[in-house]
Amino acid sequence: MRRYLELSIRGYRRYSSYRSAVIAGLFTNLVFGALRTAIMYAVFAHSRHVGGYSLNQAIMYVWLAQGLMTIVQMYGNPEFAMRVRTGAIATELTRPIDTQGAAYATDLGRATYHSIFRGVIPVAVGVLAFSLPLPSAANWLEFAVSLWLAATVSFMLLFAYSLSAFWLLDYRGVALVAVILMNLLSGFVIPVSFFPPWLRTVAMWTPFPSIIQTPVNIFTGDLVGAAALRALAAQALWALTLLLLGRALFSLGRRRLVIQGG
Amino acid sequence: MSTIAIYARLVRLQVRSQLQYTTNFLMSVLATFLFTSLDLATILVIFSNIRTLGGWTAQQVLLLYGAAASSYALADMLLGSLDRLPQLIREGNFDSMLFRPRSPFFQLLASDFMLSRGGRLAQSIIVVIVICTVYIHIAWTAGAILVLTVAVISGAVILGAVWVAGACISFWIEGAGEFVNTFSSGALFVTQYPLNIYAQWLQATVTFIIPIGFVIYMPTSYLLHKAPIFDMPSVLRLSSPLVAGAATAAAAALWRSSIRHYRSAGG
Amino acid sequence: MSIIELKHVTRLFLVHERKGVFRRERRTVEAVRDISFSIAPGEFVGYLGANGAGKSTTIKMLTGILAPSSGEIRVCGKDPFRSRREIAYHFGAMFGQRMQLWWDLPLIDSFDQLHYIYRVPDDQYRARLAELVEILDLSSFLKVAVRQLSLGQRIRGELAAAMIHTPAILFLDEPTIGLDLVAKERVREFLTQINRRHGITIMLTTHDMADLERMCSRLIVLADGQTVSDGPLDELFGAYKLERTLTVDLSEPCESMIIPGARSVSVDGPRQVFRFVAQDLSSADLIAQVAARAKIIDLTLKEPDVEDLVRAITKAES
């Protein structure tokens, strides 16, 4: 257990050295947050409710999405597949550590760092600049759990599709398709509630809404009580499914490595 | 051989090398195509909920989007290598370009030419053509087509000039280069939507200070008979080519003085 | 007539230092202070100094990338800063860590491209290329993409690239770094040949002592932005007594040995380290004396390196 904690701390430290990248990234968050807010004003010009949201909720959504973006690695992690592959090879050399578990522990460290340094400020801007309401005490707890689950779902997905590096010489195509689908179907570029019914159905059958839509809706108070618990359960279910998928693909891939000779 | 010819030759060599890895290349093109379509999907989703945005219908906004994206894609294909400048300076590899008896600007442009960026261009041009032929009910006279084509090309030049100006920051302030990238992608985002939905100060900024408003909004709003912002007369709305020329001259001057500064103040 | 000339050249930099969380201090740093030297055509000069001594700043000024704050520089009779493009035709540069070749393209494409960039006439280029391919043995990997080349192959490629336009001057920074002995020899062969046979002036920075001994006739040493030494190589080697290092692993720990002519640097269990000057005591003698007092299991002998030389010179002159 302690080994995993050490990995998390190392994951955190690794990202804390990229200070200038954080500032540049936050700047991007602020610019796009502002632009998307402007779009929302225009969208709500003639109606008070669109897609079940009020203008205030839609604006809060924009800023929450910007805050969550880095925590859930919305644009993927290019070096990750390479590290997974080397992790697998290292395991081959009989180091008694679970690759997926180790990578997850490291990623939680990273996610913690990003929560503090990339997550808080965009959300704070949304709350302060637009006088938007904060969650109640119970909702905060639910939000925290949902955030953790969202980061987990995203990680398990990233881990699983990075494993395509075992079979494909260039896994980047798979990675890119995943990133594109995630950008759209998670509700990052536009809330899932805005989707036309058919697209909303498609999205609900994927893990993606668990990554942005669910935690945001819990924060804005759109999901409360039983509905919120159901949503959290859905996130947990997706996390578990992807975790198992990842493990299955990993052992298949390792076997292939052995046969091929690394 | 002239500098332009050398630039063209290097581009040709890189294209040939990239095409050799055909599957890789096709995948990159497809990926770029799909990624660009995210913006399109966003607009379509928005319009499944409302009828007009800032007084513009879905088809009109899609025309705006397609034309803006085409300008962006064209500029990206020709000037995409500018993104590398902060890294080149940081690693000391920009100095290698200064060793050579040629313009460092064209060396930079040729350094990272990626044919796969064409995927973006293909997607946006398809959108424009489909929208224009099927949905936009204006008389597509030769004049109108000319206005649109000139608009897209001038728009690309204006964007390029703005990017060059942004890239120059790397010569003056260390580490500022990464911030400029935000403005480039922000620029695409802003120009996709009708400018009149933005706050006054933003409208003024993108019209008079960083003239990306002239990339597409001005000529398109003219074609679609929309009321002009800032009560701009029609003549000025069609002046993208002039704005492009002025922007190019300004960017060139800024580049030259930035290189001079880099060589005097120390790299 | 010098081909390279510096007269009282100074280069200042404005440095912003962070003092605490928000405050920043501006300081003027003298990277190079009042240096002067001339290099005649055909000289092979070693150019040394610790990191931050001002070497790369000087090279940048000689190649026209950077302007001097004061003083005069002439390369091939011209001011490099004002006539950057003109003098570019007269020098070639190879910086071991940095890439001048195009990464994704076959090596031959880089050469072709450079001959257009430097406006080399086609027939001259063909002749030059044939020569370089032969001397540096490039034929087996001319069509291979640069990113797939081994380090040794890449360095040979870079050297050839620097020579395509037959420059009068070559600036080299660590040209043999990371190469095995055979490859190093080949590079040294090549450089010596072009220097002796074609009279190409070479300015070389290196951490390899053998590079200096085998190729350079003159050594310029910088410290803190100033030249602390400038003279023929053999004079310098004779003037400064450099120490060799002997490390012995004894069969069991022993008291620190006192041996005339050598000084004991450290004793760590059974391992003892000695330093001695070759002129004062031969290694064979030293080893014999150690063996007489204890049983030696293993030993290593290290020659003085470039850092030792630079340190010795810098200390003596300050």
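Thresholds, definitions, all that
- Residues numbered from 1 in each chain as written.
- Chains lettered and ligands numbered in written order.
- Predicted model: local features only at pLDDT ≥ 70, side-chain atom pairs only at ≥ 80, totals over all residues.
- Helix = DSSP H or I, 4+ residues; strand = E, 2+ residues; numbered from the N terminus.
- Rg over C-alpha atoms; globule rule 2.2 N^0.38 Å.
- Buried ≥ 20, exposed ≤ 12 C-beta atoms within 10 Å, placed from the backbone.
- Contact = placed C-beta atoms within 7 Å.
- Nonpolar A, V, L, I, M, F, W, Y, C, P; charged D, E, K, R; others polar.
- Domains from an automatic or database assignment.

S.K.: I would appreciate a short explanation of the overall build of chain A in the present structure.
M.R.: Scanning chain A from N- to C-terminus turns up ten helices and two strands. Walking chain A from its N terminus toward its C terminus, one meets helices and strands in the order α-α-β-β-α-α-α-α-α-α-α-α. A globule of 262 residues ought to have a C-alpha radius of gyration of about 18 Å, and chain A, at 19 Å, matches this closely. Expressed along its principal axes, the backbone C-alpha trace of chain A runs to roughly 65 × 40 × 35 Å. Classification of the 262 residues of chain A by burial places 44% in the buried group. Considering only contacts within chain A whose residues lie at least 6 apart along the sequence, 80% involve residues at least 24 apart.

S.K.: Looking at this structure, I do not really get the interface of chain C and chain B. What am I missing?
M.R.: It is common to give the size of an interface as the accessible area lost on bringing the parts into contact. Counting from both sides, the interface comprises 21 residues of chain C and, opposite them, 20 residues of chain B. Elements with a minimum of two residues in the side of chain C that touches chain B: helix H2 (84–88) and helix H3 (107–117) of chain C. Residue composition of the side of chain C that touches chain B, by class: 13 nonpolar, three polar and five charged.

S.K.: When you look at the domain arrangement of chain C in this model, what are you seeing that I'm missing?
M.R.: Residues and elements named next belong to chain C. Domain parsing of chain C yields domain 1 (4–239) and domain 2 (243–317). Summarising the inter-unit geometry, the C-alpha centres of domain 1 and domain 2 are found 36 Å apart. Domain 1 puts twelve residues into the contact, and the matching count from domain 2 is eight residues.

S.K.: Can you help me understand the interface of chain B and chain A in this one?
M.R.: Taken together, the contact between chain B and chain A spans 26 residues of the former and 26 residues of the latter. Of all the elements in the fold, those that place two or more residues in the side of chain B that touches chain A are helix H2 (22–47) and helix H9 (177–192) of chain B. At ten residues, the largest contribution of residues to the side of chain B that touches chain A is made by H2 of chain B. Within the side of chain B that touches chain A, the residues separate by chemical class into 17 nonpolar, eight polar and one charged.

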